[in-house]
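Coordinate analysis (summary)
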Amino acid sequence: MLRLNNVEVVYDNVVLVLRGLSLEVRRGQIVCLLGTNGTGKSTTLKAISGLLAPEDGEVTDGSIELEGEPIHGLPPHDVVRRGVFQVMEGRRVFEHLTVEENLRVGAYTSTSMNLDKVLDTFPRLRDCRKKLAGFLSGGEQQMLAIGRALMSEPELLLLDEPSLGLAPLIVEEIFAVLRRLNEVDGTTILLVEQNAARALDISNYGYVMENGRVVLEGKPEELRENADVKEFYLGLSELGGRKSYRAVKHYRRRKRWLS
Amino acid sequence: MRSGNFFTSYAADMALFRTPLERWRMGLFAVAVIVFPFVATSYGLSLANQIAIATVGAIGLNILVGYTGQISLGQGAFMAVGAYSSGLATIEWGLPFWLSIPLASLFTAAVGVFFGLPSLRLKGLYLAIATLAAQQIVEWIVTHWTGLTGGTEALVVPAPRLFGARMNTDFRFYWFAVLAASGTALFTANLFRSRVGRAFLAIRDQDIAAEASGVNVFRYKLTAFAVSSFFVGMSGALIAHYRTIVTWERFTLEVSILYLAMVIVGGLGSIVGSFLGASVITLLPALIATSGRALQTSFPAVAEILPAVQEGVFGLVVLLVLILEPKGLAKIWSNVKTYFRLWPFSY
């Protein structure tokens, strides 16, 4: 469905962030994108959704194809019309609009009104639909941000760190919703997440990024078994148990991939 | 493969001139500035004087708007305060101009602090409106306090004298204007390498985080108003002694907006930008007028309508700069530098 070929992104004509990134998202999959801070995960999502322009970024090489059609260089509002909706990092709800108005803005590109369906997905939002979005808690705002995306009935949902700063229980709830969305509605999801264990739990395929490239990819089971991923993303030692900080000496594992 | 400038100590990273090339460039510019008056025509010299004075004012405004993020529409008012107080100090007290200009600058700083008080509660456009009030109040006082300022009549300031010699020719005044401009630039460059300057930048970027880090936001906002108004007042005072005539029409709201145009076209938060902006905004009308005169013989028809479209052309050029490079001329200049620093790689 979505294919990125050797994408290169340069910010402000000087900063090279993505150095030939390739990945593929098949229809109906949940694909997660892992990697430490600053490796270009968010940039990848912005390159897909066209939100690079406000930050003076540019796709300088390679191609981004949606259903075989190149979409790089399209303005963001065109990309949304093609069924790709990005839920940005840090929620970004319209603070001075009510919850319901926020959701209605999300339906800007779609004619069908599935307000009830979204409110059923997030029952919490139904309770506060007349409240101003700025007064919601962090968890409710994240639900609102995802709900706003669902209003446009996207075919491909791009999620940037949906668990950012949320309580574990709320994270649980949000991930359950994502899985349900994928299974029931068949929404394809590309998920960027720091919580690697949880992200691998719900996804069908995973990519690990470093320095603007994909360094490792595979099914979640394979990734979970990979010694590097264990050490660096899941915080497990080679024996499979939790890392012990009591040991007298720590041997830092070297990453076995090239970057 | 990486190329660029890498520093290994904080001292090197914070230095005034960070690379030898920068030192060479400044040296070359200084030589050009010194040689210029000996080769320039008197018209060129008067333009250079205007640019130097405008640079002082633009850097002053940039300290407030570009570096501290407090929008001000009171530029004209503060320049008027500087001009009238310096002029009156020479007339009433018989002070020499080299004493009256700093005094007037200090007085303007105090006035600036007073009109900066609303910044405690107001931000952004609201503050802009509050400073607009400063503009109106000062303009009203200047035109109505006839006994002191002469009201709408012009205030005639005696020509500046130094060791008995009159300083009001373009050639002689040039040195003072350049001294003031380079002093302002040097002070500002150093200000933003200091603790106070960093506090200003912090207030601009995240005022709440600055407060959370222990920066007394209100005090630093007022300091910014004071420092900014000091230089703005100095620029006004320089105008008074350069023109030897002070009229309120020189310090209207239009002037405030013109100076805002300078710092925005030049680049917010940049000293080079202030200079470039001041140069462009000063030279552009002159250039349009000159080209109009040049066309007078060959295309009289074009020359005839040129004064009418002058304002339009001026606006169009400003608009073009902003569309092509929203961060101003300073950004274009830094792009050029980056290009050569990283050459032959593009990043």
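Residues numbered from 1 in each chain as written. Chains lettered and ligands numbered in written order. Predicted model: local features only at pLDDT ≥ 70, side-chain atom pairs only at ≥ 80, totals over all residues. Heavy atoms only, no water.

Before going further, it helps to spend a moment on the overall build of chain B. When its secondary structure is counted, chain B shows 15 helices and 4 strands. At 21 Å, chain B has a C-alpha radius of gyration in line with the 20 Å of a compact globule built from 347 residues. Taken along its principal axes, the extent of the C-alpha atoms in chain B is 65 × 60 × 45 Å. Per-residue burial for chain B yields a buried fraction of 45% across its 347 residues. (Helix = DSSP H or I, 4+ residues; strand = E, 2+ residues; numbered from the N terminus. Rg over C-alpha atoms; globule rule 2.2 N^0.38 Å. Buried < 20%, exposed > 50% of the residue type's maximum accessible area, 1.4 Å probe, protein only.)

Let us now look at the confidence of the model for chain A. Per-residue confidence for chain A gives a mean pLDDT of 87, with 90% of residues at or over 70. The element-level mean pLDDT for chain A is lowest in helix H10 (residues 227-234) of chain A, coming to 79, with strand E8 (residues 188-192) of chain A highest at 94. (pLDDT = per-residue confidence, 0-100.)

Residue and element names in this part refer to chain A. Positioned with a positive phi, Glu67 is a non-glycine residue whose angle comes to about 50°. Here Glu67 is to be found in the loop between strand E4 (57-66) and strand E5 (69-70). Residue classification places Glu67 among the partly exposed positions, given a relative accessible area of 45%. The phi torsion at Asn211 lies on the positive side, around 50°, for a residue other than glycine. Inspection of the secondary structure puts Asn211 in the loop between strand E9 (205-210) and strand E10 (213-218).

As a further point, take the sheet that holds E4(A). Residues and elements named next belong to chain A. Taken in spatial order, the 4 strands of this open sheet run E2-E1-E4-E5, and their pairing is antiparallel. With one partner strand each, in any of the chains shown, strand E2 (15-25) and E5 form the two edges of the open sheet. In the sheet, strand E1 (residues 2-11) pairs with E4 via 8 bridges, with the strands oriented antiparallel. Within E4, the position partnered with Leu2 by the bridge is Leu66. Sheet strands touched by helix H1 (residues 41-49): E1, E2 and E4. Its angle to E1, the strand with the most contacts, is close to 110°. (Pairing = 2+ DSSP bridges. Contact = heavy atoms within 4.5 Å. Axes fitted to C-alpha atoms, helices over the stretch in contact; angles between N-to-C directions.)

As a further point, take the interface of chain B and chain A. The interface is formed by 6 residues belonging to chain B together with 7 residues belonging to chain A. Summing both sides of the interface, chain B and chain A together bury roughly 470 Å²; the carbon and sulfur share of this comes to 48%. Salt-bridge contacts for B:Lys331 lead to A:Asp12; the nearest nitrogen and oxygen are separated by 3.0 Å. Summed over the shared surface of chain B and chain A, the number is 1 residue pair in polar contact (both at pLDDT 80 or more). (Buried area = accessible area lost by both parts, 1.4 Å probe. Salt bridge = Lys/Arg side-chain N within 4 Å of Asp/Glu carboxyl O. Polar contact = N/O pair within 3.5 Å; in protein donor to acceptor, adjacent residues only side chain to side chain.)

Residues and elements named next belong to chain B. Where nonpolar side chains cluster on the molecular surface, the patch consists of Val31, Ile34, Val35, Phe38, Val39, Phe171 and Trp175 and spans about 660 Å² of accessible area. Taken together, the elements giving at least two residues each to the nonpolar patch come down to helix H2 (20-39) and helix H8 (170-191). Looking at which element gives the most residues to the nonpolar patch, the answer is H2, with 5 residues. Relative to the assigned elements, Trp175 resides in helix H8. (Patch = residues over 30% accessible without salt bridge, like charges linked within 9 Å, V, L, I, M, F, W, Y side chains within 5 Å. Areas by Shrake-Rupley, 256 points an atom, 1.4 Å probe, with all protein chains shown as cover.)

Here we take up the nonpolar core. One finds B:Leu238 and B:Val246 to be the most contacted residues of the largest nonpolar core, which totals 76 residues. Ranked by the residues each element gives to this core, the list is headed by helix H11 (residues 217-243) of chain B, at 13 residues. Once residues within four sequence positions are removed from consideration, B:Leu238 is found in contact with B:Ile53, B:Val56, B:Ile101, B:Phe173 and B:Ala180. Listed in part, the 48 residues of the second largest apolar core include A:Leu103, A:Cys128, A:Leu136 and A:Ala196. (Core = buried A, V, L, I, M, F, W, Y, C linked by side-chain atoms within 4.5 Å.)

This brings us to the pattern of salt bridges. Residues and elements named next belong to chain A. Within the structure shown, the criterion is met by 18 salt bridges over all chains. When the shortest N-O distance is used, the salt bridge between Glu100 and Lys130 registers 3.2 Å. Of this pair, Glu100 sits in helix H3 (residues 99-106) while Lys130 sits in the loop between helix H5 (123-127) and helix H6 (138-151), and the two are 30 residues apart along the sequence. For Glu172, the salt bridge is made with Arg198, and the minimal N-O distance between the two is 3.1 Å. Of the two residues, Glu172 sits in helix H7 (residues 168-185) while Arg198 sits in helix H8 (residues 196-202), which places them 26 residues apart along the sequence. A single salt-bridge network, built from bridges that share partners, covers Glu100, Arg104, Arg129 and Lys130.

What follows is about the layout of surface pockets. Rolling a probe over the atoms, with the probe sized like a water molecule, indicates the empty space that remains. All names here are of chain B. Taken as a whole, the second largest pocket holds about 680 Å³ of empty space. As for the second largest pocket, its lining consists of 24 residues, of which Gln50, Leu258, Met262, Ile281 and Thr282 are closest to the centre. Looking at the lining of the second largest pocket, the elements with two or more residues in it are helix H3 (42-67), H11, helix H12 (253-266), helix H13 (271-298) and helix H14 (300-324). Sorting elements by how many residues they give to the lining of the second largest pocket places H12 first, with 7 residues. (1 Å grid on protein atoms, 1.4 Å probe; cavity = no way out; pocket = protein on both sides within 12 Å on 5 of 7 lines; lining within 4 Å. Points joined across faces, edges and corners; volume = space filled by probe spheres on them.)

Attention now moves to the sheet that holds strand E6 (residues 84-87) of chain A. Residues and elements named next belong to chain A. The strand order E6-E7-E8-E3-E9-E10 describes an open sheet built from 6 strands, whose pairing is mixed. Strand pairing shows two members of the sheet lacking a second neighbour, E6 and E10, which therefore form its edges. Each adjacent strand pair in this sheet contributes to an overall mean axis angle of 20°, direction not counted. When E9 meets E10, the two strands line up antiparallel, connected through 5 bridges. Note that in E10 the partner of Tyr207 across the bridge is Glu217. Across the face of the sheet, H6 comes into contact with E6 and strand E7 (156-160) while running at roughly 170° to E6.

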